[in-house]
2 protein chains.
Amino acid sequence: MTRPMRIAVTGAAGQIGYSLLFRIASGEMLGPDQPVIIQGLELPVAMNALEGVAMELTDSAFPLLHGVEVADDPKIAFKGADIVLLVGSRPRSAGMERADLIRVNGPIFTGQGQAIDTVAAEDAKVLVVGNPCNTNCLIAAAQARRVPRANFTAMTRLDHNRAVGQLALRAQATPAQVKNVIIWGNHSSTMVPDTDRATIDGRSVPDLLDSAWLEGPFDETVRERGKAIIQARGKSSAASAANAAIDHIHDWFLGTGDQEWTSMAVPSQGQYGVPEGLIFSFPCRITGPWQYEIVEGLELSASVKSKMQATIDELASERETVKDLL
Amino acid sequence: MTRPMRIAVTGAAGQIGYSLLFRIASGEMLGPDQPVIIQGLELPVAMNALEGVAMELTDSAFPLLHGVEVADDPKIAFKGADIVLLVGSRPRSAGMERADLIRVNGPIFTGQGQAIDTVAAEDAKVLVVGNPCNTNCLIAAAQARRVPRANFTAMTRLDHNRAVGQLALRAQATPAQVKNVIIWGNHSSTMVPDTDRATIDGRSVPDLLDSAWLEGPFDETVRERGKAIIQARGKSSAASAANAAIDHIHDWFLGTGDQEWTSMAVPSQGQYGVPEGLIFSFPCRITGPWQYEIVEGLELSASVKSKMQATIDELASERETVKDLL
């Protein structure tokens, strides 16, 4: 029998965690042949709720679920973890600037990065979902001595999927027909959705859809979607964020199917003029299980180029804000 | 291409709905080759929230999701539906007896049964999740003139899965190794978990586990699990209930794999002394897509027989409470 993979999840009793764990346990993340053990982390105050979630996982009788463990200490929750999903983070409170938010999250991700480096599997794969995810990932990765730094990634797949969803709606196509969208940069309002090479049912998006819509409403919808969801639901995106985490890990492990690439925020090695080390969303090609490479040599349009600088500058400034933690 | 199936879901923006819709859209309920269109129903007051859920479904870019529609009128939401999941119901308020609860839900399920009979596909499959689900199902089925009454089912799969989960934990096995549990009767505290023919990794449960545990803590845990979840989570079971709905429909459509049977509450034709017409949980064998048959001729132990009468009596009394609606 295939050895079960250990999946550590932080914020496991939160909204995203609750949407995520059952889909991990059902096999959607790692495929129908891969048993899993879930290791949930929560704050001490949420341990009761997490016990309840663990009970519900047991009550689901998932054939692939070989165990559920819970802890309030990352050095326990991350032990032997093959995959670490850093979902929990301190949310923004009223009047808090982005820089403040980054600072309050610093110690959390420093501690979790240390725990990963100390107790997780030596080739652990890390996905940071908790915002600001790119810089939280940078902070965690700074602790990596034993675990390869390239294994630290952050999630822009929700932005990517939102772009796919909007293109499919506009073209009256299905999401499966939309390929090769790119999200560049930071998971923030400076992100750059890029449809220059995207296709729908084999047809070029720039040929198919008018540029005024692409540059205007489409671009704005993708960037501002999080706020629109809060407005409608009264709560932030949870199930769609969990779904994007499933997709990110699924594709990293099992490939992107007939897509050329997907969008993942990974450590820059200087591609496209992005300073080395920043956790930056690039088009990534999956070349084998847990093997990604940044797609290089794409010609960027003037419009994309001009927007790229703002997201690079923002990430560089976020790095400056936390430089004492790196 | 396979024609998309239309799945109507009531209470679509509620806790169970939120856990359910994304797993339907991802293909977990009907398999990886079956496109779906989701048709959500909510109360007028929850339409904003449902719009938000629909946005998140779009944002998940599910390859199999060919459409999301929302409505506050079952005659719109159920239109052409191949599958109708009646998840929403009026919850029990403080001081309300079970009979009161049944009465307040009566008009809801009468209306929804009429809508199914009027606008759903003529061979629509119905699963009632909203409690008291057996009798709510009876009420809805009473409206069926066009849709076959045998297509009206209620959910005891959560109880079934809870039993499997407890047996797996006790025997240190995985849920996939546990087979042929039965839940008899009503989805209420009178239900009868029956492990007389259950096996774990091929070994008979009555041989493997001591009868004091099976008759005592096991039986009680399965019956009282809902309350224990509320106590731990501060909220009722949602993700595990959604999972059981997925399993119920999945197995009804695609079969139970190497299980002899599963537990489904379906209209009795008089088997095992259960009065004809009651919606009663039986072991059901799936003989083809959307084909179930009640497993007949099982020899019941004295213990099971004695408990069966209580759950039969309860369901008969519930039927009496709503006889004017039937």
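Coordinates for the structure precede this section.
These remarks concern the structure in this document. Bear in mind that the values here come from a model prediction, so they are computed numbers and not experimental data.

Definitions and limits used
- Residues numbered from 1 in each chain as written.
- Chains lettered and ligands numbered in written order.
- Predicted model: local features only at pLDDT ≥ 70, side-chain atom pairs only at ≥ 80, totals over all residues.
- Heavy atoms only, no water.
- Contact = heavy atoms within 4.5 Å.
- Salt bridge = Lys/Arg side-chain N within 4 Å of Asp/Glu carboxyl O.
- Polar contact = N/O pair within 3.5 Å; in protein donor to acceptor, adjacent residues only side chain to side chain.
- Helix = DSSP H or I, 4+ residues; strand = E, 2+ residues; numbered from the N terminus.
- Buried < 20%, exposed > 50% of the residue type's maximum accessible area, 1.4 Å probe, protein only.
- Least-squares fit on C-alpha atoms with pLDDT ≥ 70 in both.
- Core = buried A, V, L, I, M, F, W, Y, C linked by side-chain atoms within 4.5 Å.
- 1 Å grid on protein atoms, 1.4 Å probe; cavity = no way out; pocket = protein on both sides within 12 Å on 5 of 7 lines; lining within 4 Å.
- Points joined across faces, edges and corners; volume = space filled by probe spheres on them.
- Nonpolar A, V, L, I, M, F, W, Y, C, P; charged D, E, K, R; others polar.
- Disulfide = S-S within 2.5 Å.

## Comments concerning the interface of chain A and chain B
Then step 1. On the side of chain B, 44 residues touch chain A, which itself brings 44 residues to the contact.
Then step 2. Where chain A touches chain B, the interface holds six salt bridges.
Then step 3. Between Arg-225 of chain A and Asp-59 of chain B there is a salt bridge, with its nearest N and O atoms 2.8 Å apart.
Then step 4. Between the two partners, chain A and chain B, sit 22 residue pairs in polar contact (both at pLDDT 80 or more).
Then step 5. Put simply, the parts of the chain that give the side of chain A that touches chain B at least two residues each are α1 (15–25), α2 (47–58), β3 (65–71), α6 (157–170), α8 (211–233) and α9 (239–254) of chain A.

## Digging into unusual backbone geometry
Then step 1. In this model, Asn-131 of chain A is joined to Pro-132 of chain A through a cis peptide bond whose omega is -5°.
Then step 2. With respect to the secondary-structure elements, Pro-132 of chain A resides in the loop between β5 (125–128) and α5 (133–141).
Then step 3. With a phi angle near 65°, Asn-180 of chain A is a residue other than glycine that sits in the positive phi range.
Then step 4. Looking at the element boundaries, Asn-180 of chain A is found in the loop between β7 (178–179) and β8 (182–184).
Then step 5. Despite not being glycine, Asp-201 of chain B has its phi angle at roughly 55°, a positive value.
Then step 6. The exposure class of Asp-201 of chain B is exposed, given its relative accessible area of 56%.

## What about the relation of the copies chain A and chain B?
Then step 1. With an RMSD of 0.0 Å, the fit of chain A onto chain B corresponds to turning through 180° and sliding 0.0 Å along the axis. Viewed as a symmetry operation, the transformation between the two copies matches a two-fold axis. Of the C-alpha atoms belonging to chain A, the one lying closest to the rotation axis is found on Ser-19 of chain A, 3.2 Å away.
Then step 2. Looking at chain A, 100% of its interface residues are interface residues in chain B too, so the copies touch through the same face.

## Here we look at the pattern of salt bridges
Then step 1. Scanning all chains against the criterion turns up 44 salt bridges over all chains.
Then step 2. For Asp-59 of chain A, the salt bridge identified is with Arg-162 of chain B, shortest N-O distance 3.6 Å. With Asp-59 of chain A in the loop between α2 and β3 and Arg-162 of chain B in helix α6 (residues 157–171), the pair connects residues from two separate chains.
Then step 3. By relative accessible area, Asp-59 of chain A is classed as buried at 0%.
Then step 4. Measuring nitrogen to oxygen at the nearest pair gives 2.9 Å for the salt bridge that ties Asp-324 of chain A to Arg-103 of chain A.

## Brief notes about the nonpolar core
Then step 1. If you look at the biggest cluster of nonpolar residues, it comprises 120 residues, and the most contacted ones within it are Leu-85 of chain A together with Ile-24 and Leu-85 of chain B.
Then step 2. Those residues in contact with Ile-24 of chain B that sit more than four places away from it in its chain are Ile-7, Val-9, Met-29, Val-36, Ile-38, Leu-85 and Ile-246 of chain B.

## So, empty space enclosed by the protein
Then step 1. As enumerated under the stated definition, the model contains two cavities of 30 Å³ or more in all.
Then step 2. In this model, the largest cavity occupies a volume close to 100 Å³.
Then step 3. Taken together, Tyr-18, Ser-19, Phe-22, Arg-23, Ala-239 and Ala-242 of chain A together with Tyr-18, Ser-19, Phe-22, Arg-23 and Ala-239 of chain B make up the lining of the largest cavity.
Then step 4. For the lining of the largest cavity, the secondary structure elements donating two or more residues are α1 and α9 of chain A together with α1 (15–25) of chain B.
Then step 5. The residue makeup of the lining of the largest cavity, split by class, is seven nonpolar, two polar and two charged.
Then step 6. Counted as a void, the second largest cavity has a volume near 30 Å³.
Then step 7. Residue lining of the second largest cavity: Leu-21, Ile-38, Gly-40, Leu-50, Val-53, Ala-54, Leu-57, Val-68, Glu-69 and Val-70 of chain A, and that is the complete set.
Then step 8. Counting residues per element, the ones that place at least two in the lining of the second largest cavity are β2 (36–41), α2 and β3 of chain A.

## Considerations on the state of the cysteines
Then step 1. Per the counting criterion, the structure on display carries zero disulfides over all chains.
Then step 2. Residue Cys-284 of chain A stays outside any disulfide, its sulfur separated by 12 Å from that of Cys-137 of chain A, the closest cysteine.
Then step 3. On the basis of relative accessibility, which here comes to 0%, the residue Cys-284 of chain A falls in the buried class.
Then step 4. Unpaired in terms of disulfides, Cys-137 of chain B finds its nearest cysteine sulfur in Cys-133 of chain B, a separation of 7.9 Å.

By themselves, these observations are geometric and do not establish any function.
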